[in-house]
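Secondary and tertiary structure notes
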Amino acid sequence: MSVQEFVEYMRIVFKRWWLFPILCGATLGAIFISFRAAPPRYEANCPFSSELSPSSDVTLYPGYDRPTQNQQIAATQAAFMEILKNPTVIQRTAKAVKSSVPNDELSQRIKVEKPLKSEFVWVSVLGNNPKRRLTWPVRW
């Protein structure tokens, strides 16, 4: 880029300086309106950990084809994640805490994930009321 091109660009920028404050103001206004119009959302998180029993206590797997500990933990976590998202479990939990939220909506509010390189399964529940608490353990 030559000096003459740079001077030409700077002249254009100074000629249209009023566009920058208008764009910034419009962007900030849109952000402010969207935050004021959106209802507040609250999220509760709970980590769960999987541990293995000593292999001498469990005779589930035959000795010659026993999976490794990491495979056993991964399989247990995957099964646990499926159980938590099961509609029957969600229905019984909602009934136990006397929730008025429909089961399909509650199913959408529950997020179960396992971050990479983590030993924990995280369960998150979204809600609209910060005072609504779920007491653990839930008894069915």
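1. Topic: the overall build of the protein chain
Of regular secondary structure, the protein chain possesses five helices and three strands. In the protein chain, the succession of helices and strands from N to C terminus is α-α-β-α-α-α-β-β. Within the protein chain, the fraction of its 140 residues that count as buried is 11%. Accessible area for the protein chain stands at about 12,000 Å²; split by element, carbon and sulfur atoms hold 60% of it.

2. Description of the nonpolar core
Counting residues in hydrophobic clusters, the biggest one holds seven residues: Ile90, Ala94, Leu106, Ile110, Val112, Val121 and Val123. Elements supplying a minimum of two residues to this core: α4 (87-96), β2 (110-113) and β3 (120-127). When near neighbours in sequence (up to four residues on either side) are disregarded, Leu106 contacts Ile90, Ala94 and Val101.

3. Some remarks on the pairing of β3
The pairing of strand β1 (residues 42-49) with β3 spans eight bridges and is classified as antiparallel. Among the inter-strand pairings, Tyr42 is bridged to a residue of β3, identified as Gly127. Sheet analysis places β2 next to β3, joined by four bridges and oriented antiparallel. The partner of Glu113 across the bridge, within β3, is Trp122. Count of turn residues in the β2/β3 antiparallel hairpin: six residues, of which Lys117 carries a positive phi of about 60°.

4. A few points about the pattern of salt bridges
Considering all chains together, one arrives at three salt bridges under this definition. In this structure, the salt-bridge partner of Glu8 is Arg11, at a minimum N-O distance of 2.6 Å. With a gap of three residues between them, Glu8 and Arg11 both fall in helix α1 (residues 3-15), about one helical turn apart. Since its relative accessible area comes to 48%, Arg11 is described here as partly exposed.

5. Looking at the confidence of the model for the protein chain
For the protein chain, mean pLDDT is 79; residues scoring 70 or higher make up 81% of the total. Mean pLDDT across the elements of the protein chain ranges from a minimum in helix α3 (residues 69-84), with 80, to a maximum in helix α2 (residues 19-37), with 92.

6. Some points on the sheet that holds β1
Spatially, β1-β3-β2 is the arrangement adopted by the three strands of the open sheet, whose pairing is antiparallel. Of all the strands in the sheet, the pair left with one neighbour each is β1 and β2. On average, each strand axis in the sheet is tilted by 15° relative to the strand beside it, whichever way the strands run. On the sheet, α3 packs against β1, β2 and β3 and is oriented at approximately 15° with respect to β3.

Reading the values: rules and limits
- Residues numbered from 1 in each chain as written.
- Predicted model: local features only at pLDDT ≥ 70, side-chain atom pairs only at ≥ 80, totals over all residues.
- Heavy atoms only, no water.
- Helix = DSSP H or I, 4+ residues; strand = E, 2+ residues; numbered from the N terminus.
- Buried < 20%, exposed > 50% of the residue type's maximum accessible area, 1.4 Å probe, protein only.
- Areas by Shrake-Rupley, 256 points an atom, 1.4 Å probe, with all protein chains shown as cover.
- Core = buried A, V, L, I, M, F, W, Y, C linked by side-chain atoms within 4.5 Å.
- Contact = heavy atoms within 4.5 Å.
- Pairing = 2+ DSSP bridges.
- Salt bridge = Lys/Arg side-chain N within 4 Å of Asp/Glu carboxyl O.
- pLDDT = per-residue confidence, 0-100.
- Axes fitted to C-alpha atoms, helices over the stretch in contact; angles between N-to-C directions.

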